[in-house]
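The primary structure of each chain is shown beneath.
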Amino acid sequence: MLIARQKKQENIAEYLLYMWQLEDILRSYELDIDKVQQSLVDPVYHTEEERKEARDWYEGLILMMKSEGVQEKGHLQINKNLIMDLTDLHLRLLKEPKESAYIGVYYNTLPHIVVLRAKSDSKDVSELETCFTALYGYWLLRLQKREISGETQAAVAQITGLLRLLSEKYKEVDDDPDKSGLVVMI
């Protein structure tokens, strides 16, 4: 909960990946709040007030996952909405002549996105969701200590650069919507 709050303020891409990870962690605890309390709340939060706030937050996520039918797979609507917001910002940046650095990073990343989309079963997801899925998959491979090809590492490095820059732009707009003339629905 505290980590999510901090990541959301500092780097929206890291926040989204963290939330995807959290969805999987909650699934691993069978969406059982008592198991979550024992493993994620009690060892981390020290005061009764912190524990109650954390438990309520996790319980809210569990309830959303159940009500949205993502108990086994998929993502919460709040996370899907965030991808839509980021996609909207991404498309606006691509149309903005002053954003040549962002546009350049995007076009250097595009060949990797095309390859990933060609390999994917889900052809109807946005380019950014493809990027996030690639980073999440990379993280899972590293967690499993699986071998990762140089080609994949190069793609991940390029995608990471794009999402880092997009996160910086998102933060700029979030901090001061008038600063860049771009508007993000938050």
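Residues numbered from 1 in each chain as written. Predicted model: local features only at pLDDT ≥ 70, side-chain atom pairs only at ≥ 80, totals over all residues. Heavy atoms only, no water.

1. Remarks on the overall build of the chain
- Tallying secondary structure elements over the chain gives 8 helices and 0 strands in all.
- Going from the N terminus to the C terminus, the chain shows its helices and strands as α-α-α-α-α-α-α-α.
- For the chain, the C-alpha radius of gyration of 18 Å lies close to 16 Å, the compact-globule estimate for 186 residues.
- With the C-alpha coordinates of the chain rotated into their principal frame, the extents come out at 50 × 45 × 30 Å.
- Contacts in the chain between residues at least 24 apart in sequence constitute 62% of all its contacts with a sequence separation of at least 6.
- Element-wise, carbon and sulfur atoms account for 52% of the exposed surface of the chain, whose accessible area totals about 11100 Å².
- Charge centroids of the chain, computed over 24 positive and 32 negative side chains, lie 4 Å from each other. (Helix = DSSP H or I, 4+ residues; strand = E, 2+ residues; numbered from the N terminus. Rg over C-alpha atoms; globule rule 2.2 N^0.38 Å. Contact = heavy atoms within 4.5 Å. Areas by Shrake-Rupley, 256 points an atom, 1.4 Å probe, with all protein chains shown as cover. Lys, Arg positive; Asp, Glu negative; His and termini not counted. Charge placed at Lys NZ, Arg CZ, Asp CG, Glu CD.)

2. Overview of the packing of helix α5 (residues 77–95) against helix α6 (residues 100–119)
- For the pair α5 and α6, the least separation of the axes is 8 Å and the interaxial angle reads 110°. Comparing the axis directions of α5 and α6 gives the class roughly perpendicular. Two packed elements cross with a definite hand, and for α5 against α6 that hand is left-handed. Touching H90, L93 and L94 of α5 are Y102, I103 and Y106, all from α6.
- Split into classes, the residues belonging to the contact of α5 with α6 amount to 5 nonpolar, 1 polar and no charged. (Axes fitted to C-alpha atoms, helices over the stretch in contact; angles between N-to-C directions. Parallel < 35°, antiparallel > 145°, perpendicular 65-115°, else oblique. Left-handed = near helix turned anticlockwise from the far one by under 90°. Nonpolar A, V, L, I, M, F, W, Y, C, P; charged D, E, K, R; others polar.)

3. A look at α5
- Here α5 is 19 residues long and its end C-alpha atoms lie 27 Å apart, about the 27 Å a rise of 1.5 Å per residue gives.
- What α5 keeps buried is the set N79, L82, I83, D85, L86, T87, L89, H90 and L93. (Expected span 1.5 Å × (residues − 1). Buried < 20%, exposed > 50% of the residue type's maximum accessible area, 1.4 Å probe, protein only.)

4. A look at helix α7 (residues 127–143)
- Taking 1.5 Å per residue as the helical rise, α7 with its 17 residues ought to reach 24 Å, and the 24 Å between its terminal C-alpha atoms agrees with that figure.
- Every buried residue of α7 is accounted for by L128, T130, C131, F132, A134, L135, Y136 and Y138.
- A positive phi of about 55° marks K145, the residue just after α7.

5. Structural notes on the packing of aromatic side chains
- In the structure shown here, the tally under the stated rule is 5 aromatic pairs.
- In this structure an aromatic cluster arises from ring pairing among W20, F132, Y136 and W139. (Phe/Tyr/Trp six-rings, centres within 6.5 Å; stacked < 30°, edge-to-face > 60°.)

6. What to know about the nonpolar core
- Counting residues in hydrophobic clusters, the biggest one holds 47 residues, and the most contacted among them are L26, Y58, L86, F132, L163 and L166.
- When residues of this core are traced back to their parent elements, those giving at least two are α2 (12–28), α3 (33–41), α4 (48–67), α5, α6, α7 and α8 (150–175).
- Top contributing element to this core by residue count: α2, with 9 residues.
- Beyond its immediate sequence surroundings of up to four residues, L166 is in contact with L86, L89, H90, L93, Y102 and L128. (Core = buried A, V, L, I, M, F, W, Y, C linked by side-chain atoms within 4.5 Å.)

7. Observations concerning the pattern of salt bridges
- In the structure shown here, the tally under the stated rule is 9 salt bridges.
- A salt bridge links K35 to E30; the nearest nitrogen and oxygen atoms lie 2.2 Å apart.
- The closest approach of N and O atoms between R55 and D34, which form a salt bridge, is 3.4 Å. Of this pair, R55 sits in helix α4 while D34 sits in helix α3, and the two are 21 residues apart along the sequence.
- Relative accessible area serves as the criterion here: at 23%, R55 is assigned to the partly exposed category.
- Residue D34 is classed as partly exposed on the basis of its relative accessible area of 49%. (Salt bridge = Lys/Arg side-chain N within 4 Å of Asp/Glu carboxyl O.)

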